[in-house]
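# Coordinate analysis (summary)
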Amino acid sequence: LSQNTSKNYFCSGSRSCCLLVFRFSLSLNTLLFARWLTAAVVFALRVLCFLSRTDVATVTPWLAPVVWEGTFEPELLDGVYRQKNVSIAVTVFAVGKYIRFLKDFLETAEQHFFVGFKVHVYVFTDRPAELPKVEMAAGRQLTVHPVPAAKRWQEISARRMEMIQRLIEETLLPGTDFIFCLDVDSKFHGRWGAESLGSLVAVVHPELTFDRGGFPYERRPASRAYMAPGLGDFYYCGGAFGGDLHEVRLLAKTCRENFEADAKEGIEAAWQEESHLNRYMWLNKPSKVLSPEFLWQDFKPREREIHVVRFSGVVKNYAEIRPN
Ligand SMILES: CC(=O)N[C@H]1[C@@H](OP(=O)(O)OP(=O)(O)OC[C@H]2O[C@@H](n3ccc(=O)[nH]c3=O)[C@H](O)[C@@H]2O)O[C@H](CO)[C@H](O)[C@@H]1O
Ligand SMILES: [Mn+2]
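Every chain's residues receive numbers from 1 upward, in the order its sequence appears when written. Whichever chain is written first becomes A and whichever ligand is written first becomes 1, with later ones labelled in order. This being a predicted model, a pLDDT of at least 70 is required before a residue's local features are given, and a value of 80 or more before pairs of side-chain atoms are given or counted; all residues contribute to the totals for chains, interfaces and linings. Side-chain metrics rest on all non-hydrogen atoms present in the structure, leaving aside hydrogens and water.

### Some points on the coordination of the manganese ion (ligand 2)
- Within the protein, the atoms that donate to the manganese ion (ligand 2) are Asp183 (OD), Asp185 (OD) and Asp185 (OD), at distances of 2.1 to 2.5 Å.
- Here Asp185 falls in the buried class, since its relative accessible area comes to 7%. Each metal's donors are the N, O and S atoms found within 2.8 Å of it, except that Na, K and Ca use a 3.2 Å limit; water is left out, so coordination can look incomplete. A 1.4 Å probe rolled over the protein chains alone gives each residue an accessible area, and that area as a share of the maximum for its type sets the label: buried under 20%, exposed over 50%, partly exposed in between.

What follows is the structure, given as structure tokens:
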């Protein structure tokens, strides 16, 4: 009996053991197959996603990428540049009542702008006492540069070039790798990371994306920002541009000199430094073009091509906020 029992016991034990091994290998195979299937589906979706951006131009005729959501791998790109330990400077002007936009700008930058990178924000303001307190993550810092108040907004906007040039020459060179010059009346809503890095970077103006005929370039030949009819690639915005320090220094210096030479002859370009920037970018093609995802406007309904709004201008009352 005991023999039988043990035999039976052994027999039934070995059977259930076989069954267990069989079930285990079955579930292992199922698991492996499921994992393989998931990977295949994710890969296919990614390929489809890349191919799906046939609705927009993703490369310029001079072979610079045009950056849209769905055309890059965020983690891969961040990894490439994190390995190089790059540092990024940001300039932002908050003169007069525009200081009120600074808190949201800085707080949202902490959430979305080059998260995990070395970032140094340079704030230019005539109201340093009103600087908001914003906690910054490790590796990120802020420096204030006092500037005089101004009577005309056009002057504030245009004088940025001079101050950017000086900041690069006196403070940032050498040591900082990239710089972005941004409007303060805006907030970050989505990731802005290493996909935006390049030697000379321009952002397509959110309101003037597709209709070349309607681009508001400076049309008076007397101005150094002049663009003849029929010329031009994109209309770029003055509210966001960047690149490496040498390229941006040259851009700022040229725009500033042309703006000042125009002023001596009593002419101010239609959109101040933005007009000069557009002329410069026509002659010196940007190495990377950022889509209007990188500077949208809150008042504008989102267009089909815009899958992500990364940075967007807030709605403001110009009459109330500007000095003139
Ligand atoms: C989306 C976009 O590209 N916007 C451009 C457009 O701007 P906006 O209509 O958005 O111009 P704006 O009023 O934001 O002025 C440009 C920037 O100058 C600074 N500022 C201006 C006035 C003032 O009293 N205090 C002050 O600090 C501030 O950083 C502001 O963000 O036309 C301007 C005119 O040239 C500039 O080209 C802007 O970059
Ligand atoms: Mn603005």
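From this point, the narrative continues.
### Here's the deal with helix α6 (residues 272-283)
- In a regular helix each residue adds 1.5 Å, so twelve residues correspond to 16 Å; α6 covers 18 Å between its end C-alpha atoms and thus fits that length.
- In DSSP terms, a helix is any run of H or I states spanning at least four residues, a strand is any run of E spanning at least two, and both are numbered starting from the N terminus. The buried fraction of α6 is high, at nine of twelve residues.
- Those residues of α6 that sit buried are Gln272, Glu273, Glu274, Ser275, His276, Leu277, Asn278, Tyr280 and Met281. What a helix should span is 1.5 Å times the count of its residues minus one.

### Section: the UniProt feature "binding site: Mn(2+)" (unreviewed entry) in the chain
- Taken from the UniProt record, the annotation "binding site: Mn(2+)" (unreviewed entry) applies to Asp183 and Asp185.
- Note on placement: Asp183 falls in the loop between β5 (178-182) and β6 (186-188).
- Each residue touching Asp183, except ones within four places of it in the same chain, is listed here: Val92, Phe105, Arg160, Gly238, Gly239 and Phe311.
- Looking at the secondary structure, you find Asp185 in the loop between β5 and β6.
- Any two residues whose heavy atoms approach within 4.5 Å at even a single point are treated as in contact. The residues contacting Asp185, other than those within four sequence positions of it, are Tyr98, Phe101, Ser312, Gly313, Val314 and Lys316. UniProt positions are given in the numbering used here, feature names are shortened, and annotations may be inferred rather than shown by experiment.

### Some details on the side chain of Glu273
- Looking at where Glu273 falls in the secondary structure, it is placed in helix α6.
- On the basis of relative accessibility, which here comes to 6%, the residue Glu273 falls in the buried class.
- Polar side-chain contacts of Glu273 include one of 2.6 Å to the side chain of Arg160.
- With sequence-adjacent residues up to four places away left out, Glu273 is seen in contact with Ser157, Ala158, Arg160, Met161 and Gly238. Polar contacts, as counted here, are pairs of nitrogen or oxygen atoms within 3.5 Å of one another; within protein the pair requires one atom able to donate a hydrogen and one able to accept it, and residues that are adjacent in sequence qualify only if both atoms are side-chain atoms.

### Considering the pairing of strand β7 (residues 200-204)
- Counting buried residues along β7, five of its five residues qualify, which places the element largely inside the surrounding structure.
- Going residue by residue along β7, you find Leu200, Ala202 and Val204 tucked away on one face and Val201 and Val203 tucked away on the opposite face as well.
- Strands are treated as partners if at least two bridges between them are detected by DSSP. Bridge analysis of β7 against strand β8 (residues 236-244) gives four bridges, and the strand direction is antiparallel. Following the sheet pairing, Ala202 is matched in β8 by Phe241.
- In terms of strand pairing, β7 meets strand β9 (residues 288-290) through three bridges, oriented parallel.

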